[in-house]
Amino acid sequence: MKKKTLWFEVEENETIDDCLKRMKTQGYMPTGRREKPVFQEVNGEYQPIRQIIQFKGTDISE
């Protein structure tokens with residue numbers, strides 16, 4: 001039995017479009033999005049190094 005909703009993260013070497021295609025092949029459609037910044041401390045200051053993008057996928061079969 002599949003979960004009704006699942007979070008998919010855009011991988012490091014993957015485009016957003018690739019992630020959306022991966023969701024579709026697994027039977028999910030995007031219904032939400034969230035972004036989280038990742039920081040690194042350099043000389044006592046925090047600097048952003050990348051952005052984590054996640055899509056909320058809802059089961060298509062419902």
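Just above, that's the structure.
Our subject in this report is the structure included herewith. (Residues numbered from 1 in each chain as written. Predicted model: local features only at pLDDT ≥ 70, side-chain atom pairs only at ≥ 80, totals over all residues. Heavy atoms only, no water.)

1. What about the overall build of the protein?
Keep this limit in mind: The secondary structure listing takes helices from DSSP runs of H or I that are at least 4 residues long and strands from runs of E that are at least 2 residues long, numbered from the N terminus. The atom set for the radius of gyration is the C-alpha atoms, and the globule formula is 2.2 Å times the number of residues raised to the power 0.38. A simple rule labels every residue: compare its accessible area, found with a 1.4 Å probe on the protein chains alone, to the largest value its type can have, and call it buried under 20%, exposed over 50%, or partly exposed in between. When checking whether two residues touch, look at their non-hydrogen atoms; a contact exists if any pair is within 4.5 Å. Computed with a 1.4 Å probe, the accessible areas rest on the Shrake-Rupley method; for each residue, only the protein chains presented here act as cover. Charge counting follows a simple rule: Lys and Arg are positive, Asp and Glu are negative, and His as well as the terminal groups are ignored. Charge positions come from single atoms, namely NZ of Lys, CZ of Arg, CG of Asp or CD of Glu.
On a plain count of helices and strands, the protein comes out with one helix and three strands. Counted from the first residue to the last, the protein has its helices and strands arranged as β-α-β-β. Compactness check: the protein gives a C-alpha radius of gyration of 15 Å against a globular reference of 11 Å for 62 residues, more than 25% above the reference. With the C-alpha coordinates aligned to their principal axes, the bounding extent of the protein is approximately 50 × 20 × 15 Å. When the 62 residues of the protein are sorted by exposure, 23% land in the buried category. Within the protein, contacts between residues at least 6 apart in sequence are counted, and of these 55% link residues at least 24 apart. With an accessible surface of roughly 4900 Å², the protein has 50% of that area assigned to carbon and sulfur atoms. Between the centroid of the 11 positive side chains of the protein and the centroid of its 11 negative side chains there is a distance of 9 Å.

2. What to know about the packing of aromatic side chains
Threshold: Ring pairs are drawn from Phe, Tyr and Trp, using the six-membered ring of Trp, whenever the two centres fall within 6.5 Å, and their geometry is named by plane angle: stacked under 30 degrees, edge-to-face over 60, tilted for the rest. Should the NZ of a Lys or the CZ of an Arg lie within 6 Å of a ring centre and within 35 degrees of the ring normal, that charge is described as sitting over the ring.
Taken as a whole and assessed by the stated rule, the structure comprises one aromatic pair. Against the face of W7 rests R34, its NZ or CZ located 3.8 Å from the ring centre.

3. Quick look at the sheet that holds strand β1 (residues 5-9)
Within a sheet, adjacent strands bond to each other through the backbone by hydrogen bonds, running parallel or antiparallel. To keep it simple, the criterion reads: We treat two strands as partners when DSSP finds at least two bridges between them. Axis definition: a line fitted to C-alpha atoms, limited for helices to the stretch in contact. Angles are taken between N-to-C directions and run from 0 to 180 degrees.
A sheet is described by the order of its strands in space; here three strands give the open sequence β1-β3-β2, paired in antiparallel fashion. Looking along the sheet, the strands with just one partner apiece sit at the ends: β1 and β2 (28-42). With direction set aside, neighbouring strand axes in the sheet form an average angle of 25°. Across the face of the sheet, helix α1 (residues 16-25) comes into contact with β1, β2 and β3 (45-59) while running at roughly 30° to β3.

4. Section: unusual backbone geometry
Backbone geometry places N43, a non-glycine residue, at a positive phi of 55°. Mapped onto the elements of the fold, N43 is located in the loop between β2 and β3. Of the residues examined, N43 reaches a relative accessible area of 77% and is grouped as exposed.

5. Some remarks on the side chain of E14
For the record, the criterion: Polar contact criterion, stated in full: a pair of N or O atoms within 3.5 Å, where within protein one must be able to donate a hydrogen and the other to accept it, and residues adjacent in sequence count only if both atoms are side-chain atoms.
On the secondary structure map, E14 appears in the loop between β1 and α1. From its side chain, E14 meets the backbone nitrogen of E11 in a polar contact 2.9 Å long. Side-chain polar atoms of E14 contact the side chain of R22, separated by 3.0 Å. Those residues in contact with E14 that sit more than four places away from it in its chain are E9, C19 and R22.

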